[in-house]
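Residue-level listing of the chains:
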Amino acid sequence: MDEQALLGLNPNADSDFRQRALAYFEQLKISPDAWQACAEALAQRTYSDDHIKFFCFQVLEHQVKYKYSELTTVQQQLIRETLISWLQTQMLNPQPEKTFIRNKAAQVFALLFVTEYLTKWPKFFFDILSVVDLNPRGVDLYLRILMAIDSELVDRDVVHTSEEARRNTLIKDTMREQCIPNLVESWYQILQNYQYTNSEVTCQCLEVVGAYVSWIDLSLIANDRFINMLLGHMSIEVLREEACDCLFEIVNKGMDPVDKMKLVESLCQVLQSAGFFSIDQEEDVDFLARFSKLVNGMGQSLIVSWTKLIKSGDIKNAQEALQAIETKVALMLQLLIHEDDDISSNIIGFCYDYLHILKQLTVLSDQQKANVEAIMLAVVKKLTYDEEYNFENEGEDEAMFVEYRKQLKLLLDRLAQVSPELLLASVRRVFSSTLQNWQTTRFMEVEVAIRLLYMLAEALPVSHGAHFSGDVSKASALQDMMRTLVTSGVSSYQHTSVTLEFFETVVRYEKFFTVEPQHIPCVLMAFLDHRGLRHSSAKVRSRTAYLFSRFVKSLNKQMNPFIEDILNRIQDLLELSPPENGYQSLLSSDDQLFIYETAGVLVVNSEYPAERKQALMRNLLTPLMEKFKILLEKLMLAQDEERQACLADCLNHAVGFASRTSKAFSNKQTVKQCGCSEVYLDCLQTFLPALSCPLQKDILRSGVRTFLHRMIICLEEEVLPFIPSASEHMLKDCEAKDLQEFIPLINQITAKFKIQVSPFLQQMFMPLLHAIFEVLLRPAEENDQSAALEKQMLRRSYFAFLQTVTGSGMSEVIANQGAENVERVLITVIQGAVEYPDPIAQKTCFIILSKLVELWGGKDGPVGFADFVYKHIVPACFLAPLKQTFDLADAQTVLALSECAVTLKTIHLKRGPECVQYLQQEYLPSLQVAPEIIQEFCQALQQPDAKVFKNYLKVFFQRAKP
């Protein structure tokens, strides 16, 4: 072996040596016999370096996994012998191998096992057991091999081919017949031998039992001698977590419902009499988390049994199962309320399913009602934040608690299904008593009280948030709580979690304010002052900006008396913060978008006459336009690139803010009706010059383009005079991405204004195409993935543009470009349909072709188009699907084929018998299609039902492909 290359295996080696080692590994993998040197090195213990040993196993692994069938019988025998002799040396080694080597060796054994067990090595386990006997090092390896085999055979995360899945099933069946009882016996011996002397090996063995129990005969494990030993392990500190997991796997195994019930009940009796149900005596939270998982497994198993028994009509046993479930509820509640969230989280599944049973019962007993109430109280207690929660810098622990809270929310929703009245009464009790004394109550309790009110909105579902009408008792309870929330002064509580929960809840129940509008002013003030948009915490300010816009939007009818006041109060929050003065504004630019939208909504939805609306809108937008002009001049003069980027960002924000105000307009309240057209046209005139700025083109163009999209919707034809010059600027020295983003703008204009923009389109059609072709023809590095992707996306955009033009009844735009250009365009569509393996583009191309055939394919079509149909379009319909890259198993490709079928049908519709004749006598014979197939094809084509032909075409090409 190349000793120099092997030096590079050491993690501390320099990069040249490491590269050399990698290259050497690749070389050994392809060499037909290099693996033999590795096998020899392992069997004879040539190397003491761990990384080299690992490397040798990797080479063997590659050989067994990918090249085993190429080896001779003698070579295969050599691999088997190498592994067994390596195993034998492990018995004698003074020091065991490092864990990572043992694991890799176990993987190689497992790979060899799945390859050879059914054919050449049926005595695999007997051979290994005869070597390892009860030697602790040998047992360790034997158990690792068993775990590796289990993961090869049953690991759900490994994707297997159907062939491998069949093989694995056969291996498991054969193992069950031939060796599982012996393996189980070996596990028993290992456990008995090492339970007091070697906890590591014992835990490994318990893990093996837990893994195999899911697919072997349960009676081999669920019997007195095994269960008694496992219960013994439950009392040994170093073993009990693994023993718990092992019992969980046994309980989880699918089986007959009555047998499962008996198994669980007998386990529970033993555990209970051994004192395991006394949770409060136990201090080891890691063990309790595993124990909670076990109890959860037992509870859910009993519930599955109950469900099956009810379905099968076995009422007597179902009753017994329910009784068994009920006796576990007290333990479940103790675990649910445990202060450690992991322990509590592990039992939620049982709790959730138990509530599901109660939901199905017609009458609840007093005990069951008490259980529901206890779960309710547990949820309230566990929803509460603890002292350690870091609100300013949320890390992993905080994220876990947020996830845990989501689980509790599901429990709360389930409680609402079982007993909505009880839930409402409990929340009301907690809420009222907490808010009565909020000034002297800890923040977490105040937060959870408001949070519960918030959660009721989803737990007690109504249509369209109508919580305050309909069911009187519920409506009045919620109304009382909301009134308390907004009048208690709790919005002034000095903790961000309470403040945020207050605003979230106010917005969630906005319908309350249509019932009691007198509370709107005080809530608006909370939004606008130091409690909301001017809060000391950026997180609160940011969230409030969004919630404020939702609040105003949903209550726009009630906002009229406050509009001018609100606009005055948010004036300073609308300021475009320029990059120079280092002034930290209260809101980020993303947050400001919401404030601009809110301002727009207030103006547009007000009851003011159009002149007043126009004046207010001008007040809102004029400062942006003025700032924009100044900043654009500064950008033109800026030398430093960083400063240029800052200025461009700021300009972009200005455009974005103006754009966002326009979201307030609707079909009922158009820009015209509000008298605001002139203001937005002024904005357009202000922003468009940025398109000719040579600096920071990307960011400026993107902003102005978005604004144009909005204005096409809002200003309609008033925007048209601006489009030609804007387009001209945007087509100057552009990249693939620019074009790709510009084309949707043209598509929008074409689809919206159709014939109105025909002259403009005819004028800019070829310049746009030249720009596209120029970018597509630019040479790029062969393996530059991102350039290739950009070109693919641009090609799609180009075809989408042609589809929009033809689909909007504007084919004359293409027809008027002169014969040579028309042909060039059509050829690109043919190439798109046939040559590029991109089914999305191909589909679009066939849509364009069928549209053109429909428009031009008749007797009075343009001169020469009929020839083009037979010379190019018909062949494209066959050449595209015949390509190897046209994958008929792919959904997008099938859609492309469907459009190809439409194209052929359209040709037949337009050209009639002449088309059939051409296919029969000229084209299909030139493809060497058999006469009877030609006949069949033409018959299918002439069927009146298009679907019949689509289905036929798929079969036709499936047969035609090798």
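Here the structure is a predicted model, which means the values were calculated and not measured.

How each quantity is defined
- Residues numbered from 1 in each chain as written.
- Predicted model: local features only at pLDDT ≥ 70, side-chain atom pairs only at ≥ 80, totals over all residues.
- Heavy atoms only, no water.
- Helix = DSSP H or I, 4+ residues; strand = E, 2+ residues; numbered from the N terminus.
- Rg over C-alpha atoms; globule rule 2.2 N^0.38 Å.
- Buried < 20%, exposed > 50% of the residue type's maximum accessible area, 1.4 Å probe, protein only.
- Contact = heavy atoms within 4.5 Å.
- Areas by Shrake-Rupley, 256 points an atom, 1.4 Å probe, with all protein chains shown as cover.
- Lys, Arg positive; Asp, Glu negative; His and termini not counted.
- Charge placed at Lys NZ, Arg CZ, Asp CG, Glu CD.
- Expected span 1.5 Å × (residues − 1).
- UniProt positions renumbered as here; feature names shortened; annotations may be inferred.
- Salt bridge = Lys/Arg side-chain N within 4 Å of Asp/Glu carboxyl O.
- Core = buried A, V, L, I, M, F, W, Y, C linked by side-chain atoms within 4.5 Å.
- Domains from an automatic or database assignment.
- Axes fitted to C-alpha atoms, helices over the stretch in contact; angles between N-to-C directions.
- Parallel < 35°, antiparallel > 145°, perpendicular 65-115°, else oblique.
- Left-handed = near helix turned anticlockwise from the far one by under 90°.
- Nonpolar A, V, L, I, M, F, W, Y, C, P; charged D, E, K, R; others polar.

*Asks:* Give a description of the overall build of the protein that names residues and reports values.
*Replies:* Regarding its fold elements, the protein presents 45 helices and 0 strands. Whereas a compact globule of 962 residues would reach a radius of gyration of roughly 30 Å, the protein reaches 37 Å, over 25% beyond that. On the principal axes, the C-alpha backbone points of the protein span a range of 90 × 90 × 65 Å. Taking all 962 residues of the protein together, the buried fraction comes to 52%. Long-range pairs, those at least 24 residues apart, make up 72% of the contacts in the protein between residues at least 6 apart in sequence. A total of about 44,300 Å² of accessible surface is found on the protein, and carbon and sulfur atoms cover 51% of it. Averaging the locations of the 93 positively and 122 negatively charged side chains of the protein gives two centres separated by 5 Å.

*Asks:* Report on unusual backbone geometry, specifying residues and quantitative values.
*Replies:* At R45, a position not held by glycine, the phi torsion is positive, near 55 degrees. Position of R45 among the secondary structure elements: in the loop between α3 (34-43) and α4 (50-66). Take R45: its relative accessible area is 45%, and that puts it in the partly exposed class. One non-glycine residue with positive phi stands out, namely Q928, at about 60 degrees. Along the chain, Q928 falls in the loop between α43 (913-926) and α44 (931-941). Of the residues examined, Q928 reaches a relative accessible area of 69% and is grouped as exposed.

*Asks:* Break down helix α42 (residues 891-911) for me, citing the residues and quoting the values.
*Replies:* Think of an α-helix as 3.6 residues a turn; residues three or four steps apart then line up on the same face. Taking 1.5 Å of rise per residue, the 21 residues of α42 would be expected to cover 30 Å, and the 31 Å separating its terminal C-alpha atoms lies within 8% of that figure. One or two residues past the end of α42 sits G912, with phi positive at roughly 65 degrees.

*Asks:* How would you summarise the environment of R18 if you had to cite specific residues and measurements?
*Replies:* Within the secondary structure, R18 is located in helix α2 (residues 15-30). As for R18 and Q958, which are separated by 940 residues in sequence, their C-alpha atoms are 49 Å apart.

*Asks:* Please provide a residue-by-residue account of the UniProt feature "domain: Importin N-terminal" (unreviewed entry) in the protein, values included.
*Replies:* Here the UniProt feature "domain: Importin N-terminal" (unreviewed entry) sits at residues 21-89. Across residues 21-89, the secondary structure splits into 78% helix and 0% strand, with the terminal C-alpha atoms separated by 27 Å.

*Asks:* Tell me about the pattern of salt bridges, and name the residues and values.
*Replies:* Any two side chains of opposite charge can pair, so long as their charged atoms come close to each other. Counting across every chain of the model gives 49 salt bridges. Via salt bridges that share partners, D50, K53, E97 and K98 belong to a single interconnected network.

*Asks:* Requested: an account of the nonpolar core, with residues and values cited.
*Replies:* M175, W187, F291 and F878 are the most contacted members of the largest nonpolar core, which totals 347 residues. Of the residues forming this core, the biggest block, 13 residues, is contributed by helix α22 (residues 443-459). If you count residues domain by domain, this core takes at least three from each of domain 1 (260-386 + 395-418) and domain 2 (421-456 + 476-524). Look past the residues within four positions of W187 in its chain and what remains in contact with it is Y142, L146, C205, V208, V209, Y212, I216 and I221.

*Asks:* So what about helix α16 (residues 315-326)? Which residues, and what values?
*Replies:* Helix length check: α16, at 12 residues, gives a terminal C-alpha distance of 16 Å against a target of 16 Å (1.5 Å per residue), a fit within 8%. Buried residues belonging to α16 abut α14 (257-273), α15 (285-312), α17 (329-336), α18 (341-360) and α19 (366-383).

*Asks:* Give a detailed account of the packing of helix α30 (residues 610-637) against helix α31 (residues 641-661), specifying residues and quantitative values.
*Replies:* For any two helices packed against each other, the geometry is given by the interaxial angle and the distance between the axes. It is the contact of α30 with α31, at a shortest axis distance of 10 Å, that shows an interaxial angle of 160 degrees. The orientation of α30 with respect to α31, classified from their angle, is roughly antiparallel. Between α30 and α31 the crossing geometry is left-handed. Two secondary-structure elements touch here, α30 through L620, L621, L624, F628, L631, L632, K634 and L635 and α31 through R643, Q644, L647, C650, L651, A654, V655, F657, A658 and T661. Grouping the constituent residues of the contact of α30 with α31 by class yields 14 nonpolar, 2 polar and 2 charged.

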